[in-house]
Amino acid sequence: MELDGFIRKIKDIMKSDSGVNGDAQCVAQTAWLLFLWACGSPSERPDAGVKGIASAVPRKFRWDAWAACRRDGKTMTGDTLLDFVDNRLFPALRDLKTPGGALSANGVVKAAFMSARNYMKDGVLLRQVIDLIGGLDLSFRGVYHPMGSIYEGFLHGLGQSSSLGEFYTPRPVTDFMARMTAPRLGERVADFACGTGGFLSSALNELDGQLKSAEDGRIRERSVFGVEKSPVPHMLCLANLLAHGISKPDVVLGDSLDGRIPGCRGDERFGVILMNPPYGGVRRPAAKADVTGERLHAGDALDGFLGLVMSRLSRCGRAAVLVPDGFMSGTGAVRTAVRQAIVQKFDLHTVVRLPVSVFAPHTRIATNILFFDGQRTVRTATWFYRLDPPDGNGRFSRTRPMTPEHLVPIEEWWRSRKELSPGGVPKARRYTGRELAARNFDLNLCGYDRASEIVASPEETIRQFRDERACLLAKMTDALDAIESLANGDGRSSWSDGLRPWLPRMRARAALPFGLAGDPAGRSRGSCPRPLPRPAARTRTLKLPGPGQESGAKRESRALRFCSGSVPGQISEAGKGRSPSISAWHGAGG
């Protein structure tokens, strides 16, 4: 079954269940089912006998013991299935003994199910979901990262992953970064924000061609290390690595930037680091970035992650990190220090600039790949290469995503390393360390000519507009939920009391973005809504400039009009030669 069809069917079934409310609960429900399915039965796995995560699940709670269809007609369904899942399966996995500690196989399974929950209330529908997952074929994993692709499919329904701050890297890009860093058997590959494990899976695929003995297979088992902060991607990452033959994935649930990395020795360094760090997150005020020995306060998570990469990369290691365009020329002492350290204290040998549409339709943030080694070599310069959008369509999209063929020109250029300037515009060029230092380590070189960007077709423009509208709606809904939680909270105040009567109208307005849908109240588009009932409030007065201080259109008319969605108010003129005032009703403290 294709992944798009699998995701669509899962959604359709779960949305018929009264216990599942939205795609966020759909993906959480699917995650723990996929995890148990990937664990399977150790007796049927090629790594039988290995004390891994699969064997940490008690035998009677393994997938083949309760979820698989039985020929004797005793397949669990309905209320029997719900009772088993809610009252036996979850309590048993949450109460697992962990003699080996939280990082043992039992500890990983226990931690995964402490944050998991069965949302479905219909045992027949749950049976249908289980049958769909049981029939999932992972033979396509050479083309996709299955768990990451499934997660992205749900994220798109959540109003785009960009609204959640999650950008899952396309498979061609993760494979390209893994090939260029060339992990070797015996090296440890790390990703400190691993998501569903896309980079780790690509690294494992690179190691597969180096296996020659059973001992090599055991070395491969210990080759990848990941940290993920969010429970649902963490569980899917475990399932992803289990599906790639890793019996005990070394992936921990935690925050890489929260001091000591869980599961990682204080002095451990890695041979290869592959990352797409979260962009724009704010670190705790007390957190600092370790920039090659200098402890600098880092307000942005990206700076903290790059400092972490530099502090954890071995002297002979290689790193490939995706960064947004804002990093390339961003100001600030920490950001400049991070770029300077990568250039001067490490060997930033290659920067690949990617088109804006690589992550389409999830975000339009332009990205770049920084390739740098753990120590400087004879090279004292950095190569910049710009990957131009594909000919013919001008950009990538959901229906025309990036494929491995689009990255072939980079790999061909990688071997020859020559300067390219089509039309006199630098596409590939070598810059010395002195040139970069003279620019204050501004890395915005060989960039794109945004003015000449090819305009999308009408169909593509409409699709992008719909995606952006869905993203905005998701953000508005989240904001309204937060406001409502404040208004209905335990600590009631005059502010929350004044806000509460406005919430129904705010939600109604949020449900009608940009006037594209009919008004449930039957009003014509563009008409002003009926005045809202005035909550307990106080009057505020705003002084406007006098007639002598006005100019242009303000001098012609000082009448103010309150349009749709505005707070009702009235204008009063105190007298000739005096400034007008606006008296409007506001909630107390609003």
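Remember, it's a predicted structure, so these values are computed and weren't measured experimentally. (Residues numbered from 1 in each chain as written. Predicted model: local features only at pLDDT ≥ 70, side-chain atom pairs only at ≥ 80, totals over all residues. Heavy atoms only, no water.)

Another point: a negative patch on the surface. There is a patch of like negative charges on the surface, built from Asp-79, Asp-83, Asp-86 and Asp-122. Structurally, the position occupied by Asp-83 is in helix H5 (residues 78-94). Judged by relative accessible area, which is 40%, Asp-83 ranks as partly exposed. (Patch = residues over 30% accessible without salt bridge, like charges linked within 9 Å, V, L, I, M, F, W, Y side chains within 5 Å. Areas by Shrake-Rupley, 256 points an atom, 1.4 Å probe, with all protein chains shown as cover. Salt bridge = Lys/Arg side-chain N within 4 Å of Asp/Glu carboxyl O. Lys, Arg positive; Asp, Glu negative; His and termini not counted. Charge placed at Lys NZ, Arg CZ, Asp CG, Glu CD. Helix = DSSP H or I, 4+ residues; strand = E, 2+ residues; numbered from the N terminus. Buried < 20%, exposed > 50% of the residue type's maximum accessible area, 1.4 Å probe, protein only.)

The next thing to look at is the packing of helix H13 (residues 301-312) against helix H15 (residues 333-344). At a closest axis distance of 10 Å, the pairing of H13 and H15 adopts a crossing angle of 30°. Relative to H15, the element H13 is oriented roughly parallel. In the packing of H13 onto H15, the handedness of the crossing is left-handed. Packed against H13, whose contacting residues are Leu-302, Asp-303, Leu-306 and Met-310, the element H15 presents Val-334, Arg-335, Val-338, Ala-341 and Ile-342 at the interface. Broken down by class, the residue content of the contact of H13 with H15 amounts to seven nonpolar, no polar and two charged. (Axes fitted to C-alpha atoms, helices over the stretch in contact; angles between N-to-C directions. Parallel < 35°, antiparallel > 145°, perpendicular 65-115°, else oblique. Left-handed = near helix turned anticlockwise from the far one by under 90°. Contact = heavy atoms within 4.5 Å. Nonpolar A, V, L, I, M, F, W, Y, C, P; charged D, E, K, R; others polar.)

Our next topic: the nonpolar core. Counting residues in each nonpolar core, the largest one holds 133 residues, and the members touching the most others are Trp-32, Trp-66, Phe-192 and Phe-372. Per-element tally for this core: the top contributor is helix H2 (residues 23-39), with 11 residues. The contacts of Trp-32, once residues within four sequence positions are left out, are Trp-66, Val-85, Leu-89, Phe-90, Phe-113, Ala-116, Arg-117, Asn-118 and Met-235. (Core = buried A, V, L, I, M, F, W, Y, C linked by side-chain atoms within 4.5 Å.)

Our next topic: the sheet that holds strand E8 (residues 347-353). One open sheet accounts for nine strands, arranged E3-E2-E1-E4-E7-E9-E8-E10-E11; its pairing is mixed. Of all the strands in the sheet, the pair left with one neighbour each is strand E3 (251-253) and strand E11 (428-432). Here the strands of the sheet are splayed against their neighbours by 15° on average, with no regard to which way each runs. Taken together, the five bridges between strand E4 (residues 270-275) and strand E7 (residues 313-324) define a ladder with parallel strand orientation. Residue pairing in the sheet places Val-272 in a bridge with Arg-318 of E7. (Pairing = 2+ DSSP bridges.)

Within the structure shown, the criterion is met by 16 aromatic pairs. Relative to Phe-113, the ring of Trp-32 has its centre 6.4 Å away and its plane inclined at 65°; by these criteria the two rings are edge-to-face. One end of the pair, Trp-32, is in helix H2; the other, Phe-113, is in helix H6 (residues 105-114), with 81 residues separating them in the sequence. By relative accessible area, which is 0% here, Phe-113 ends up buried. A connected cluster of aromatic rings, assembled from ring pairs, spans Trp-32, Phe-35, Phe-90 and Phe-113. (Phe/Tyr/Trp six-rings, centres within 6.5 Å; stacked < 30°, edge-to-face > 60°.)

Turning our eyes to something else, we now look at the pairing of strand E2 (residues 224-228). Counted residue by residue, E2 has five buried out of five residues, so it is predominantly covered. On E2, burial covers both faces: Val-224, Gly-226 and Glu-228 on one face and Phe-225 and Val-227 on the other are all buried. Once the chain exits E2 it traverses helix H12 (residues 231-243) before rejoining the sheet at E3, and the crossover so formed is right-handed. (Right-handed = clockwise from strand over helix to strand, strands pointing away.)

Our next topic: the confidence of the model for the chain. Counting all residues, the mean pLDDT for the chain is 74, and 63% of those residues have values of 70 or more. Across residues 451-455 the pLDDT falls below 50, and counting only partners more than four positions away or on other chains, this stretch makes three contacts in the model. Predicted confidence for residues 513-532 stays below pLDDT 50, and this span has 30 contacts to residues more than four positions away or in other chains. (pLDDT = per-residue confidence, 0-100.)

Among the structural elements, Gly-123 can be located in helix H7 (residues 123-134). Look at Gly-123 and you get buried, because its relative accessible area is 3%. Residues Gly-123 and Gly-78, 45 residues apart in the sequence, show an inter-C-alpha distance of 3.7 Å. Look past the residues within four positions of Gly-123 in its chain and what remains in contact with it is Thr-77, Gly-78, Leu-81 and Leu-82.

Turning our eyes to something else, we now look at the pattern of salt bridges. According to the stated counting rule, one finds 15 salt bridges in the structure shown. The partner of Asp-303 in a salt bridge is Arg-335, and the shortest N-O contact between them spans 3.0 Å. Of this pair, Asp-303 sits in helix H13 while Arg-335 sits in helix H15; the two residues are 32 residues apart in sequence, bridging distant segments of the chain. Using a relative accessible area of 5% as the deciding quantity, one classes Asp-303 as buried.

Glancing now at the side chain of Asn-118. Residue placement: Asn-118 occurs in the loop between H6 and H7. Excluding anything up to four places from it in sequence, Asn-118 contacts Gln-29, Trp-32, Leu-82, Val-85, Asp-86 and Phe-90.

Each α-helix winds once per 3.6 residues, and so residues spaced three or four apart point in a common direction. Across the 11 residues of helix H9 (residues 171-181), nine count as buried, placing the element largely inside the fold. Where the residues of H9 are buried, they touch helix H10 (198-208), E4, E7, strand E9 (367-373) and helix H16 (408-416). Positive phi appears at Ala-182, one or two residues downstream of H9, with a value of about 50°.

Our focus in this paragraph is the packing of H9 against H10. In a pair of packed helices, the angle between the axes and the distance between the axes together describe the arrangement. Packing of H9 against H10 brings their axes to within 9 Å, and their N-to-C directions diverge by 50°. Taken as axis vectors, H9 and H10 run oblique relative to one another. When you trace H9 past H10, the crossing you get is right-handed. Residues Arg-171, Thr-174, Asp-175, Met-177, Ala-178 and Arg-179 of H9 form the contact with H10, whose own contacting residues are Gly-198, Phe-199, Ser-202, Ala-203, Asn-205 and Glu-206. Along the lines of polarity and charge, the residues of the contact of H9 with H10 split into four nonpolar, four polar and four charged.

Moving on to the side chain of Glu-228. On the secondary structure map, Glu-228 appears in strand E2. Polar contacts involving the side chain of Glu-228 include one to the main-chain amide nitrogen of Gly-195, which spans 2.8 Å. Sequence-distant contacts of Glu-228, defined by excluding residues within four places in its chain, comprise Ala-193, Cys-194, Gly-195, Pro-233, His-234, Val-252, Leu-253 and Gly-254. (Polar contact = N/O pair within 3.5 Å; in protein donor to acceptor, adjacent residues only side chain to side chain.)

So, on to H7. Over its 12 residues, H7 extends 16 Å from the first C-alpha to the last, a length consistent with the 16 Å expected when each residue adds 1.5 Å. Of all the positions in H7, only Gly-123, Leu-125, Leu-126, Arg-127, Val-129, Ile-130, Leu-132 and Ile-133 are classed as buried. With a side-chain oxygen positioned 2.9 Å from the backbone nitrogen of Val-124, the residue opening H7 is Asp-122. (Expected span 1.5 Å × (residues − 1).)

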